[in-house]
Amino acid sequence: QVQAVESGGGLVPAGGSLRLSCAASATSGDILEFDDMDWYRQVPGKQRELVAVITRGGITHYADSVRGRFTISRNNAKNTMRLEMNSLKPEDTAVYYCKIRARSITTSDRWRDFWGQGTQVTVSS
């Protein structure tokens, strides 16, 4: 199993910036291999929306709504991921989740997706 823990949410005025972090770790003693790492967000009553993706090799993809304002990055040595959010808008208000695709090399398990618990981002107008 993999534990993914987000941090860095909060309240910020429109035009401000926030940095979200996600740290992935094994809950057992397994040696893990990681693939894509993603950020999603969700507002009440709406489907969870993909915000940004970063592949193991560092290729990034962004939702049109955040392209040019958000930057996703990862540190493969530390199994961490970041989302730098600039020029925030009230419509960016949501709970942000990280999703980690990983598998256990120790048990030769298949690839699985693991979600963090979410962190609230609120942008005031």
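A brief report on the enclosed structure follows. This one's a predicted model, so the numbers in the text were calculated from it and none came from an experiment.

**Comments concerning the sheet that holds strand β3 (residues 18–26)**
The strand order β1-β3-β8-β7 describes an open sheet built from four strands, whose pairing is antiparallel. Among the strands making up the open sheet, the edge pair consists of β1 (2–7) and β7 (70–75). Shown here is a sheet whose adjacent strand axes are inclined to one another by a mean of 15°, direction ignored. By the bridge criterion, six bridges tie β1 to β3 in an arrangement that is antiparallel. Across the sheet, residue Ser7 finds its bridge partner in β3, namely Ser21.

**Some words on the pattern of salt bridges**
In this structure the tally under the stated criterion is twelve salt bridges. Residue Asp38 is joined to Lys99 by a salt bridge in which the shortest nitrogen-to-oxygen separation is 3.1 Å. A residue pair is termed long-range when its members are at least 10 positions apart, and Asp38 in strand β4 (residues 32–42) and Lys99 in strand β9 (residues 94–104) qualify at 61 residues. The exposure classification of Asp38 matches that of Lys99, with both residues buried. Here Asp64 makes a salt bridge to Arg67, at a shortest N to O gap of 2.6 Å. By relative accessible area, Asp64 is classed as exposed at 65%.

**Quick notes on the packing of aromatic side chains**
Scanning the entire structure with this criterion turns up two aromatic pairs. On the basis of an interplanar angle of 80° and a centroid distance of 6.4 Å, the ring pair of Tyr97 and Trp115 is categorised as edge-to-face. Highlighted residues: Tyr97 in strand β9 and Trp115 in strand β10 (residues 112–115), separated in sequence by 18 residues. Relative accessible area serves as the criterion here: at 14%, Tyr97 is assigned to the buried category. For Trp115, a relative accessible area of 36% corresponds to the partly exposed category. Clustering of aromatic rings is evident, with ring pairs tying together Tyr40, Tyr97 and Trp115. Lying over the aromatic face of Tyr97, Arg48 brings its terminal NZ or CZ to 3.7 Å of the ring centre. The aromatic ring of Trp115 is capped on one face by Arg48, whose charged end is 4.7 Å from the ring centroid.

**Side note on the side chain of Ser104**
Tracing the sequence through the fold places Ser104 in strand β9. Take Ser104: its relative accessible area is 7%, and that puts it in the buried class. With near-sequence residues (within four places) excluded, Ser104 lies in contact with Asp30, Ile31, Leu32 and Asp109.

Conventions and cut-offs
Residues numbered from 1 in each chain as written. Predicted model: local features only at pLDDT ≥ 70, side-chain atom pairs only at ≥ 80, totals over all residues. Heavy atoms only, no water. Pairing = 2+ DSSP bridges. Helix = DSSP H or I, 4+ residues; strand = E, 2+ residues; numbered from the N terminus. Axes fitted to C-alpha atoms, helices over the stretch in contact; angles between N-to-C directions. Salt bridge = Lys/Arg side-chain N within 4 Å of Asp/Glu carboxyl O. Buried < 20%, exposed > 50% of the residue type's maximum accessible area, 1.4 Å probe, protein only. Phe/Tyr/Trp six-rings, centres within 6.5 Å; stacked < 30°, edge-to-face > 60°. Lys NZ or Arg CZ within 6 Å of the ring centre and 35° of its normal. Contact = heavy atoms within 4.5 Å.

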